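Coordinates in review
Chain residues, written in single-letter form:
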Amino acid sequence: MHAPDLHVTLDDGSEVQLNELYASERLVLVFLRHFGCTFCREQVAQLRLQSKLNVVFVGMGNVEQTADFKAKMRSPHRFIADPERRVYEAFGLGLGTGKQIFNAKVFARGFGATLRGHFVGAPIGDPWQMPGVFLIETSGEVSWEYRSVTIADNLDAPALLEVVGANRS
């Protein structure tokens, strides 16, 4: 799969072509659910420590909401503001089913994430949106993808670092 040719808006309001984000180094494109999602907050918190990775998060907030979330999460990474979910759609990430959103494993993971300080907030975006992660090479080739099975099914930082290291081109 080749990354789609899209025009995106970053958290600072600048507009760029998606390919500009991976032109000089491979890109880890992380799709979040809504900004109030416990698991999304947990994932951003883990990845903010990986400042050397070219990570860009995609969220469903407008520019102001996206910039506010980035600041609140103290992330050094860029964010794409995608309130119309065009980028989600282009990468084939749709809405979850009831079983993907509500099940015992999700509740258990949510409890654990909350104990680690990642609390639920007001949903900014669609709570049914499924997350995912894509590794895009400088050629635009998507060399690896992870489509979450449930909303709690995020890759932790060590697993993502292993994937990035194992998929060196």
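Residue positions are given per chain, counting from 1 as you read along its sequence in written order. Only residues with pLDDT of at least 70 get local features here, since the model is predicted, and only at 80 or more are side-chain atom pairs given and counted; chain-wide, interface and lining totals rely on the full set of residues. The basis for every side-chain value is the complete set of heavy atoms in the structure, and neither hydrogens nor water enter the calculation.

Here a salt bridge means any side-chain nitrogen of Lys or Arg lying within 4 Å of a carboxyl oxygen belonging to Asp or Glu. Scanning the model with the defined rule gives four salt bridges in all. Of the charged contacts in the structure, one is a salt bridge between Arg26 and Glu137, with a shortest N-O distance of 2.8 Å. Of this pair, Arg26 sits in the loop between β2 (15–17) and β3 (27–31) while Glu137 sits in the loop between β6 (132–136) and β7 (142–147), and the two are 111 residues apart along the sequence. The buried category is assigned to Arg26, whose relative accessible area is 12%. Where Glu145 meets Arg147, a salt bridge forms, and the shortest distance between an N and an O atom there is 2.7 Å. When its relative accessible area of 33% is taken as the criterion, Glu145 is described as partly exposed. Helix numbering and strand numbering both begin at the N terminus, where a helix is a DSSP run of H or I of at least 4 residues and a strand a DSSP run of E of at least 2. Relative accessible area decides the class of each residue, using a 1.4 Å probe on protein chains only: under 20% of the type maximum gives buried, over 50% gives exposed, and in between gives partly exposed.

Further remarks concern empty space enclosed by the protein. Computed over the protein atoms alone on a 1 Å grid, cavities are sets of points where a 1.4 Å probe fits but cannot get out and pockets are open sets with protein on both sides within 12 Å along at least five of seven lines; a residue lines them when it has an atom within 4 Å of a point. Grid points are joined across faces, edges and corners, and a volume is the space filled by probe spheres set on the points. One pass over the structure, following the stated rule, counts one cavity of 30 Å³ or more. If you add up the space inside the largest cavity, you get close to 30 Å³. Surrounding the largest cavity, Gln43, Pro131, Gly132, Val133, Tyr146, Ser148, Asp153, Asn154 and Leu155 form its lining.

Geometrically, a packed helix pair is captured by the angle between its two axes and the distance between the axes. It is the contact of helix α1 (residues 38–47) with helix α2 (residues 63–73), at a shortest axis distance of 10 Å, that shows an interaxial angle of 60°. On the basis of their axis angle, the class for α1 and α2 is oblique. When you trace α1 past α2, the crossing you get is right-handed. Across the interface between the two elements, Arg41, Val44 and Ala45 from α1 touch Phe69, Lys72 and Met73 from α2. In this analysis an axis means a line fitted to C-alpha atoms, helices contributing only their contacting stretch, and an angle means the value between N-to-C directions, from 0 to 180 degrees. Convention used here: angles under 35 degrees read as roughly parallel, angles over 145 as roughly antiparallel, angles from 65 to 115 as roughly perpendicular, and any remaining angle as oblique. Working rule for handedness: look at the near helix, and if it is turned counterclockwise from the far one by less than a right angle, call the crossing left-handed; if clockwise, right-handed. We call two residues in contact when some of their heavy atoms are within 4.5 Å.

All right, on to the pairing of strand β5 (residues 78–81) then. In this structure, strand β1 (residues 7–10) lies alongside β5, joined through two bridges in antiparallel fashion. Counterpart to Thr9 in the pairing with β5 is Ala81. What makes two strands pair is DSSP finding at least two bridges between them. Here strand β4 (residues 55–59) runs beside β5; their pairing, made up of four bridges, is parallel. By the bridge assignment for β5, Val56 is matched with Arg78. Handedness of the crossover joining β4 and β5 through α2: right-handed. Look down the strands so they point away from you; if going from the first strand over the helix to the second traces a clockwise path, that crossover is right-handed.

Take the environment of Ser148 next. Looking at where Ser148 falls in the secondary structure, it is placed in the loop between β7 and α6 (157–166). Sequence separation of Ser148 and Phe31 is 117 residues, and the distance between their C-alpha atoms is 10.0 Å. Not counting residues within four places of it along the chain, the set of residues in contact with Ser148 comprises Gln100, Met130, Pro131, Gly132, Asp153 and Asn154.

The pairing test for Phe, Tyr and Trp rings, Trp by its six-membered ring, is centres within 6.5 Å, and the orientation test on the planes gives stacked under 30 degrees, edge-to-face over 60, and tilted for anything in between. On inspection of all chains with the given rule, the structure shows eight aromatic pairs. Measuring from ring centre to ring centre gives 5.6 Å for Phe31 and Phe134, while their planes differ by 80°; the resulting arrangement is edge-to-face. Of this pair, Phe31 sits in strand β3 while Phe134 sits in strand β6, and the two are 103 residues apart along the sequence. The same class applies to Phe31 as to Phe134, namely buried. Considering the side-chain rings of Phe35 and Phe69, the 4.3 Å spacing of their centres and the 10° angle between planes classify their relative orientation as stacked. Linking Phe35 in the loop between β3 and α1 with Phe69 in helix α2, this pair joins segments that are 34 residues apart in sequence. Grouping residues by exposure puts Phe35 and Phe69 together as buried.

As a further point, take the sheet that holds β2. Within the open sheet, the seven strands sit side by side as β2-β1-β5-β4-β3-β6-β7. Their pairing is mixed. The sheet is open, and its two edges are formed by β2 and β7, each paired on a single side. Strand-to-strand twist across the sheet, computed as the mean angle between neighbouring axes with direction ignored, equals 30°. Of the strands in this sheet, β1 and β5 are in contact with α2, which crosses β5 at around 155°.

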